[in-house]
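One-letter residues, chain by chain:
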Amino acid sequence: PGDGTISPANLIEGSYGDSWRMFLDNGRESNYFVEYSAGDNKFNFRPGRGFWLLSRSAVSINQTVSSVTLRNDLTYPISLHDGWNIISNPFVNSVIWAAVKQINNLEPNAVIHGYNGSFSTATSFAPYLGYYFYNNPDSNRTSLRIPYIGGTLLGKQISKSPVLPLEITLKSEDELQSKIGI
């Protein structure tokens with residue numbers, strides 16, 4: 001979450017190849033994983049972009065960044081390419097996927113897939129995680145607007161927030177214990 005572009009080499013400890021490896025998915029049907037290359041800006045962390053990051057040790061990042069700039073409709077657009085995209089939430093608050101689908105007029109079967117040992121369909125777009133989203137090449141979609149849902153915006157407050165359904169989940173050690181919707 002947050003605005004700016006940051007090189008992974010400036011945030012992840014250890015040497016590349018020995019301690020960690022990183023990949024992006026270019027959306028193609030073959031040769032879709034592109035491995036990190038130092039100095040290649042497409043691997044910089046930025047709002048909405050997700051990666052596969054493999055590390056021999058836990059990765060802990062403590063970085064101060066500015067909040068993203070919202071559009072007048074209280075959304076932030078994340079860039080897409082055709083095919084599969086690894087996307088991330090640009091906010092520190094979860095966003096209900098149904099709200100993303102509604103504001104972008106996505107087809108009813110448009111889903112995001114989270115990964116926790118195996119892929120599963122997600123109903124919430126949580127911060128600090130990556131999700132797979134299929135951008136149908138026939139849609140000509142170049143971005144996905146993510147609605148800001150109240151709370152704290154990385155140090156900035158906004159005067160109004162859209163009224164959308166609220167979902168609260170309780171997890172213990174990454175296992176869902178309870179979920180309620182309001």
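See the structure printed just above.
Each value, and the rule that gives it
- Residues numbered from 1 in each chain as written.
- Predicted model: local features only at pLDDT ≥ 70, side-chain atom pairs only at ≥ 80, totals over all residues.
- Heavy atoms only, no water.
- Helix = DSSP H or I, 4+ residues; strand = E, 2+ residues; numbered from the N terminus.
- Buried < 20%, exposed > 50% of the residue type's maximum accessible area, 1.4 Å probe, protein only.
- Contact = heavy atoms within 4.5 Å.
- Pairing = 2+ DSSP bridges.
- Axes fitted to C-alpha atoms, helices over the stretch in contact; angles between N-to-C directions.
- Salt bridge = Lys/Arg side-chain N within 4 Å of Asp/Glu carboxyl O.

> Would you explain unusual backbone geometry in this entry?
A negative phi holds for most residues other than glycine; trans holds for most peptide bonds. The backbone phi angle of N31 is positive, close to 50°, even though this residue is not glycine. Positionally, N31 belongs in the loop between β1 (20–25) and β2 (33–35). On the accessibility criterion, N31 (67% relative accessible area) is exposed. Its identity as a non-glycine residue notwithstanding, L74 has a phi of 60°, on the positive side. Structurally, L74 is set in the loop between β3 (52–55) and β4 (75–79).

> Is there a simple way to explain the side chain of N104 in this structure?
Mapped onto the elements, N104 comes out in the loop between α1 (97–103) and β7 (112–115). For N104, a relative accessible area of 7% corresponds to the buried category. Those residues in contact with N104 that sit more than four places away from it in its chain are R141, L144 and R145.

> Any chance you could explain the sheet that holds β1 here in plain terms?
The strands making up a sheet associate through backbone hydrogen bonding, with each pair oriented either parallel or antiparallel. As summarised here, the arrangement of the three strands in space is β2-β1-β3, forming an open sheet in which the pairing is antiparallel. Each edge of the open sheet is held by one strand with a lone partner, namely β2 and β3. The mean angle between the axes of side-by-side strands here comes to 25°, regardless of whether they run parallel or antiparallel. Note: β1 against β3, four bridges, orientation antiparallel. Residue pairing across strands places F23 opposite W52, the latter belonging to β3.

> Can you help me understand the pattern of salt bridges in this one?
Two side chains carrying opposite charge are able to pair once their charged atoms lie near each other. Within the structure shown, the criterion is met by four salt bridges. Residues D40 and K42 are paired through a salt bridge, measuring 3.3 Å at the closest nitrogen-oxygen approach. Under the relative-accessibility criterion, D40 is labelled partly exposed at 25%. On the basis of relative accessible area, K42 is assigned to the partly exposed category, the value being 37%. For R145, the salt bridge identified is with D73, shortest N-O distance 2.5 Å. Here R145, found in strand β11 (residues 143–147), pairs with D73, found in the loop between β3 and β4; they are 72 residues apart in sequence, far enough to count as distant. Residue D73 is classed as partly exposed on the basis of its relative accessible area, which comes to 31%. One salt-bridge network, in which partners are shared between bridges, spans R71, D73 and R145.

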